[in-house]
Amino acid sequence: MSRVDLSRRQSEILEFIRRRIRDDGLPPTRAEINAHFGFASPNAAQSHLKALERKGAIRITPGTARGLHPVAGSPAGAERRGVPLVGRVAAGRPILAVEHCERTVEIDPALFRPRPDFLLRVEGESMRDAGILEGDLLAVHRSVEARNGDIVVARVDDEVTVKRFRRDGDRVVLEAANPAFSDLVVTDRDAFAVEGRAVGVLRGL
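In this section: the sheet that holds strand β6 (residues 137-142). Backbone-to-backbone hydrogen bonds pair the strands of a sheet. The strands run either parallel or antiparallel. Judged by pairing direction, the sheet is mixed, and its nine strands sit side by side in the order β4-β3-β5-β6-β11-β7-β8-β9-β10 without closing on themselves. Either end of the sheet is taken by a strand with one partner, and the two such strands are β4 (101-105) and β10 (184-186). Between one strand and the next, the sheet's axes are offset by a mean angle of 40°, whatever the strand orientation. Pairing analysis gives six bridges linking β6 to strand β11 (residues 192-202), with the strands arranged antiparallel. Following the sheet pairing, Val140 is matched in β11 by Ala198.

A separate point is the side chain of Lys163. Looking at the secondary structure, you find Lys163 in strand β8 (residues 159-168). At 8.0 Å, Asp183 is the nearest oppositely charged side chain to Lys163, a buried residue that forms no salt bridge. Side chain to side chain, Lys163 and Ser126 meet in a polar contact 3.3 Å long. Ignoring anything within four residues of it in the chain, the contact list for Lys163 reads Ser126, Met127, Asp150, Ile151, Val152, Leu174, Glu175 and Ala176.

A few words on the packing of aromatic side chains. Enumeration according to the criterion identifies two aromatic pairs in this entry. Taken together, a centroid distance of 5.7 Å and an interplanar angle of 85° make the contact between Phe16 and Phe37 edge-to-face. With Phe16 in helix α1 (residues 8-24) and Phe37 in helix α2 (residues 30-37), this pair connects stretches of sequence that are 21 residues apart. Here Phe16 and Phe37 have matching classes, each one buried.

A separate point is the pairing of β6. The two faces of the sheet receive side chains in turn, since in a regular strand these alternate between them. Judged from the four bridges that link them, strand β5 (residues 118-121) and β6 form a sheet pairing that is antiparallel. Bridging from a neighbouring strand, Leu120 pairs with Leu138 of β6.

Among the residues of α2, those classed as buried are Ile33, Asn34 and Phe37. All buried residues of α2 project into a common sector of 100° when viewed along the axis, lining one side. Residues Ala31 and Ala35 are exposed on α2 and point more than 90 degrees away from its buried face. Contacts from the buried residues of α2 go to α1, α3 (44-54) and β2 (68-70). Positive backbone phi, approximately 70°, marks Gly38, located one or two places after α2.

A separate point is the confidence of the model for the protein chain. The predicted coordinates ought not to be read in detail in places where the model reports low pLDDT. Mean pLDDT over the protein chain: 84, with 87% of residues reaching 70 or higher. The model gives residues 75-80 a pLDDT under 50, and that stretch makes 19 contacts with residues more than four places away or in other chains.

Further remarks concern the nonpolar core. Membership of the largest hydrophobic core comes to 17 residues, with the highest contact counts inside it found for Ile13, Ile17, Ile33, Leu49, Leu52, Ile58 and Leu68. For this core, the elements supplying multiple residues, two or more each, are α1, α2, α3 and β1 (58-60). Among the elements that make up this core, the one with the highest residue count is α1 (five residues). Ile58 has contacts with Leu14, Leu49, Leu52, Glu53, Leu68, His69, Pro70 and Val71, leaving out every residue within four places of it along the chain. In terms of nonpolar packing, the next biggest core, distinct from the first, is built from 13 residues, Val86, Ile95, Leu120 and Val153 among them.

Reading the values: the criteria
- Each chain carries its own residue numbering, running from 1 in the direction its sequence is written.
- Under the rules for a predicted model, residues below a pLDDT of 70 receive no local features and side-chain atom pairs below 80 are neither given nor counted, while totals for whole chains, interfaces and linings still include all residues.
- Hydrogens and water are ignored here; the side-chain numbers use all heavy atoms of the structure.
- At least two DSSP bridges between two strands are required for those strands to pair.
- Secondary structure is summarised from DSSP: a helix means a run of H or I of at least four residues, a strand means a run of E of at least two, and numbering begins at the N terminus for each.
- For every element, the axis is a line fit to its C-alpha atoms; helices are fit only across the contacting stretch, and the angle between N-to-C directions ranges from 0 to 180 degrees.
- The rule is simple: take the accessible area with a 1.4 Å probe, protein chains only, and divide by the maximum for that residue type; under 20% is buried, over 50% is exposed, in between is partly exposed.
- Only four residue types enter the tally: Lys and Arg on the positive side, Asp and Glu on the negative side, with His and both chain ends excluded.
- Any carboxyl oxygen of Asp or Glu that lies within 4 Å of a side-chain nitrogen of Lys or Arg is treated as forming a salt bridge with it.
- We define a polar contact as two N or O atoms separated by no more than 3.5 Å, with the added condition that, inside protein, one atom must be a possible hydrogen donor and the other a possible acceptor, whereas residues neighbouring each other in sequence contribute only through side-chain atom pairs.
- Residue contacts are defined here by distance: any two heavy atoms, one from each residue, within 4.5 Å place the two residues in contact.
- Planes of paired rings set the category: under 30 degrees apart is stacked, over 60 is edge-to-face and the rest tilted, where pairs are Phe, Tyr or Trp rings (Trp by its six-membered ring) whose centres lie within 6.5 Å.
- Starting at the helix axis, one direction is taken to each C-beta atom, and the arc is that of these directions.
- Every residue is assigned a pLDDT by the predictor, reflecting its confidence on a scale from 0 to 100.
- To define a nonpolar core, start from buried Ala, Val, Leu, Ile, Met, Phe, Trp, Tyr and Cys residues and group those joined through side-chain atoms within 4.5 Å.

Set out below in structure tokens:
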């Protein structure tokens, strides 16, 4: 994609997103883009962002205030690539809510297939035998579906956990990969949702 594919304003917004990621570790919100460029309409930033997404300059993660990701090779120096790192997740909140994003980790998302939408800091040793250790960054592709054997990030009531998914008839079992930990059986009384599938692990970052 060449620079002429973008309007002057779109190029400026793309550069602003890239600069905020570089300086602050997180992309700006739509309100911050509106304020920075003095847009009168509250929908102006969203309109420009949708145009940038259509032209392949950014990816937008739905439902998040800061889910703006410059695409490698796009104009305005957006060569800095990264994936948001999610910290401790509060009960009942979306896993990519802006208050949970500690920073953007500058890795090439193309290292993983499918591409990760976020990184999650692993707590505990329940997935040790699957090669997932405490302190690792788990690369997660957002998905509401899982197949038997997938390692998933799942929400059970107010807790988020990383386990191996297994469906047995109408019953869902979240299996630990460490004999010191018990499997978690999901019942009809539990509020259960798959948040994403693990696609890789980063260590030492």
